[in-house]
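Next come the chains, spelled out residue by residue.
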Amino acid sequence: MLKAYRRMLGDTHELTTALGGHEALRILERDAGFDVVLCDLQMPEMSGMELHVAVRERFPTLADRFVFVTGGAFSSDARKFLEDSVASVIQKPFRLEDMLALIDRTTRAASTAPPSGPGRPAPRLS
């Protein structure tokens, strides 16, 4: 999926990728100034739900900038998490236009929040 994201979004967005939640947290410890975080719900070692909880604790303003990507096969806990979460969700397979629109909406919503760091010329995706 990371290669697909790079192909689809790399021309219009600055991308930083992580192979899992632990790596994503290490990246965010160095720089949490992302406009949007695309996060798979099911990842090895740490679920998207667990990553979101960790991000909410460490980087509260970034937690509202999550877009969860899911194949739809998830547990009742994951379903409840998504229902209760303010994060956006997109189902695989998705159309590029739908993903771009969701990223745009998330970025616009984030830009209305109080600034948490220097501005970026193009949306940054993790």
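Placed above this text is the structure.
None of these values were measured; they are calculated from a predicted model. (Residues numbered from 1 in each chain as written. Predicted model: local features only at pLDDT ≥ 70, side-chain atom pairs only at ≥ 80, totals over all residues. Heavy atoms only, no water.)

Asker: If you had to explain the overall build of the protein chain to someone new, which residues and values would you point to?
Answerer: Looking only at helices and strands, the protein chain has six helices and five strands in total. Secondary structure elements of the protein chain occur, N-terminal to C-terminal, as α-β-α-β-α-α-β-α-β-α-β. Counting contacts in the protein chain only where the partners sit at least 6 residues apart, residues at least 24 apart contribute 60% of the total. (Helix = DSSP H or I, 4+ residues; strand = E, 2+ residues; numbered from the N terminus. Contact = heavy atoms within 4.5 Å.)

Asker: Quick one: what's the story with the sheet that holds strand S4 (residues 88-91), residue by residue and with numbers?
Answerer: Judged by pairing direction, the sheet is parallel, and its three strands sit side by side in the order S2-S3-S4 without closing on themselves. Of all strands in the sheet, those with a lone pairing partner are strand S2 (37-40) and S4, marking the two edges. Pairs of neighbouring strands in the sheet enclose a mean axial angle of 25 degrees, with direction left out of account. Along the sheet, helix H3 (residues 48-58) makes contact with S2 and strand S3 (66-70), crossing S3 at roughly 170 degrees. (Pairing = 2+ DSSP bridges. Axes fitted to C-alpha atoms, helices over the stretch in contact; angles between N-to-C directions.)

Asker: Account for unusual backbone geometry, naming residues and giving values.
Answerer: Omega for the peptide link from Lys92 to Pro93 comes to -10 degrees, which places this bond in the cis form. Looking at the secondary structure, you find Pro93 in the loop between S4 and helix H6 (96-111). In this structure, Glu45 is a non-glycine residue whose phi angle is positive, near 75 degrees. Mapped onto the elements, Glu45 comes out in the loop between S2 and H3.

Asker: Summarise the packing of aromatic side chains; cite the residues concerned and give the values.
Answerer: Aromatic rings considered in pairs are described by the distance between their centres and by the relative angle of their planes. Here the structure, examined in full by the defined rule, presents three aromatic pairs. Ring geometry for Phe66 versus Phe68: centroids 5.4 Å apart, planes at 40 degrees, classification tilted. The pair formed by Phe66 and Phe68 is uniform in burial state, with each residue classed as buried. Ring geometry for Phe68 against Phe81: centres 5.5 Å apart, planes inclined by 85 degrees, an arrangement best described as edge-to-face. With a gap of 13 residues between them, Phe68 in strand S3 and Phe81 in helix H5 (residues 76-84) connect regions that are remote in the sequence. Taking the relative accessible area as the measure of exposure, Phe68 reaches 0% and is therefore buried. Feature note: the residues Phe66, Phe68 and Phe81 constitute an aromatic cluster, connected by ring pairs. (Phe/Tyr/Trp six-rings, centres within 6.5 Å; stacked < 30°, edge-to-face > 60°. Buried < 20%, exposed > 50% of the residue type's maximum accessible area, 1.4 Å probe, protein only.)

Asker: Give me the pairing of S3: which residues, what numbers.
Answerer: Taking burial as the measure, the five residues of S3 include five buried ones, the bulk of the element. Neither face of S3 is left uncovered, since the one carrying Phe66, Phe68 and Thr70 and the one carrying Val67 and Val69 both have all their residues buried. Inspection of the sheet shows S2 paired to S3 by four bridges, in the parallel sense. Each bridged residue has a counterpart across the sheet, and for Cys39 the counterpart in S3 is Phe68. With four bridges connecting them, S3 and S4 associate as parallel partners. Pairing of Phe68 across the sheet is with Val89, part of S4.

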